[in-house]
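Structural description and commentary
The residues making up each chain are set out below.
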Amino acid sequence: PFQTVEKGLASLSDGKTLVIGEGTYVLAGPVSVSASNVKIIGAGSDKTVLQRHNVTGENVVTLSGNNMDVSGIAFDISRNDGTVIGIRLQGKANKLHNCSFLSGGGVSIQTYLSENAQIYSNVFTGKSESGVQVSGSNPGLKIYNNLFESCERGVSLYNAADGNVIASNTFI
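A brief look at the structure comes next.

What counts, and where the lines are drawn
Residue indices begin from 1 for each chain and proceed along its sequence in written order. Only residues with pLDDT of at least 70 get local features here, since the model is predicted, and only at 80 or more are side-chain atom pairs given and counted; chain-wide, interface and lining totals rely on the full set of residues. Only heavy atoms go into the side-chain values, all of them from the structure, while hydrogens and water stay out. Only DSSP runs of H or I reaching four residues or more are called helices, and only runs of E reaching two or more are called strands; each is numbered from the N terminus. When we talk radius of gyration, it's over C-alpha atoms, and the globule rule is simply 2.2 Å times the number of residues to the 0.38. Only heavy atoms enter the contact rule, under which two residues are in contact if any of them lie within 4.5 Å. Each accessible area is a Shrake-Rupley result for a 1.4 Å probe, and residues are judged covered by the shown protein chains and nothing else. Charge counting follows a simple rule: Lys and Arg are positive, Asp and Glu are negative, and His as well as the terminal groups are ignored. Note on charges: their place is set at NZ of Lys, CZ of Arg, CG of Asp or CD of Glu. Strand pairing follows a simple DSSP-based rule, namely that at least 2 bridges must link the two strands. Note on geometry: axes are lines fitted to C-alpha atoms, helical ones only across the stretch in contact, with angles between N-to-C directions running from 0 to 180 degrees. Aromatic pairing here means that ring centres of Phe, Tyr or Trp (its six-membered ring) are within 6.5 Å. Orientation follows from the plane angle: under 30 degrees is stacked, over 60 is edge-to-face, and everything else is tilted. Consider the ring centre and the ring normal. A charge sits over the ring if Lys NZ or Arg CZ is within 6 Å of that centre and within 35 degrees of that normal. In what follows, salt bridge is the name for a side-chain nitrogen of Lys or Arg lying within 4 Å of a carboxyl oxygen of Asp or Glu. Partly exposed residues are those whose accessible area sits between 20% and 50% of the maximum for their type, while under 20% is buried and over 50% is exposed, using a 1.4 Å probe and protein chains only. The way it works is a 1 Å grid over only the protein atoms, where trapped points that fit a 1.4 Å probe form a cavity and open points with protein on both sides within 12 Å along at least five of seven lines form a pocket, and then any residue with an atom within 4 Å of a point lines it. Grid points are joined across faces, edges and corners, and a volume is the space filled by probe spheres set on the points. Here the term charged refers only to Asp, Glu, Lys and Arg, the term nonpolar to Ala, Val, Leu, Ile, Met, Phe, Trp, Tyr, Cys and Pro, and the term polar to all other amino acids, Gly among them.

1. A few points about the overall build of the chain
- Scanning the chain for helices and strands turns up one helix and 20 strands.
- Relative to the compact-globule value of 16 Å for 172 residues, the chain shows a C-alpha radius of gyration of 14 Å, a close match.
- The dimensions of the chain, computed from C-alpha atoms along their principal axes, are 40 × 30 × 25 Å.
- Within the chain, contacts between residues separated by at least 24 positions form 58% of all contacts whose residues are at least 6 apart in sequence.
- Summed over its atoms, the accessible surface of the chain is roughly 7800 Å², and 46% of this surface lies on carbon and sulfur atoms.
- Taking the 12 positively charged and 13 negatively charged side chains of the chain as two groups, their mean positions are separated by 5 Å.

Following this line, the structure appears as structure tokens:
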């Protein structure tokens with residue numbers, strides 16, 4: 001039991017699990033999690049919402065540990081100005097699945113110098129610049145079984161490593 005989601009995320013240490021119950025949680029500022037072998041689990045992407053609106057030029061959530069598993073959360077991020085990244089995914093062997101991204105601009109997920117990350121079974125809606133932006137070398141990246149709806153660019157690649165898999169996604 002934490003007073004805020006930010007405190008719960010900040011308290012994560014290696015090997016721990018944070019379960020976020022039903023509700024809408026407004027993030028007051030950027031959040032960073034660097035612990036490894038952690039799980040961040042919501043009650044479902046239609047029940048647990050992390051919200052940050054009118055953001056100016058920042059990463060809202062940075063996940064930089066290894067073997068992180070994030071699921072069952074809706075991320076409702078809108079920007080005011082500048083480049084906004086909803087989730088910056090770094091580290092090795094991280095998974096982001098069964099989430100929804102209700103973006104009002106910017107980039108929903110950016111992988112940056114990550115390895116063997118998996119982004120699957122997510123729904124991206126709203127007018128984002130990119131649902132997933134692959135920046136820098138990201139060997140072993142797999143993006144599959146996602147729905148991209150009304151995104152300017154569903155998946156954008158910048159200096160991506162060879163051998164990545166982008167398959168079985170739907171773009172509307």
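2. Side note on the sheet that holds strand β6 (residues 59-63)
- Ordered by their spatial adjacency, six strands build an open sheet running β3-β6-β9-β12-β15-β18, and the pairing between neighbours is parallel. The sheet terminates laterally at β3 (31-33) and β18 (153-158), the two strands that pair on one side only. Neighbour-to-neighbour, the strand axes of this sheet turn through a mean angle of 15°, independent of strand direction.
- When strand β9 (residues 85-89) meets strand β12 (residues 107-112), the two strands line up parallel, connected through four bridges. Directly across from L89, in β12, lies its bridge partner T111.

3. A short note on the environment of L157
- Within the secondary structure layout, L157 lies in strand β18.
- Residues L157 and S135, spaced 22 residues apart in sequence, show a C-alpha to C-alpha distance of 6.5 Å.

4. As for the packing of aromatic side chains
- Counted under the stated rule, the structure contains five aromatic pairs.
- Pairing Y120 with Y144 gives two aromatic rings, centres 5.0 Å apart and planes at 5°, and the pair type is stacked. Of this pair, Y120 sits in strand β13 (residues 118-120) while Y144 sits in strand β16 (residues 142-144); the two residues are 24 residues apart in sequence, bridging distant segments of the chain.
- Among the aromatic residues, those joined into a ring-pair cluster are F75, F101, F124, F148 and F171.
- The ring centre of Y112 lies 4.3 Å from the NZ or CZ of R88, which sits over that ring.

5. Description of the pattern of salt bridges
- For the coordinates displayed, the defined rule picks out one salt bridge.
- In this structure, R153 and E152 form a salt bridge, with 3.1 Å as the shortest nitrogen-oxygen distance.
- The class of R153 is partly exposed, set by a relative accessible area of 33%.

6. What to know about empty space enclosed by the protein
- Summed over the entire model, instances satisfying the criterion amount to one cavity of 30 Å³ or more.
- As a volume, the largest cavity reaches approximately 60 Å³.
- Looking at the lining of the largest cavity, its residues break down into nine nonpolar, no polar and no charged.

7. Overview of unusual backbone geometry
- Positive phi is not limited to glycine here, since N98 has a value of about 55°.
- Structurally, the position occupied by N98 is in the loop between β10 (95-97) and β11 (100-103).

8. Examining the sheet that holds strand β1 (residues 17-20)
- The strand order β1-β4-β7-β10-β13-β16-β19 describes an open sheet built from seven strands, whose pairing is parallel. Because the sheet does not close on itself, it has two edges, and the strands there are β1 and β19 (165-167). For this sheet the average axis-to-axis angle between neighbouring strands, irrespective of direction, equals 5°.
- In the sheet, strand β7 (residues 69-71) pairs with β10 via three bridges, with the strands oriented parallel. Looking at the pairing, V70 lines up with L96 of β10.

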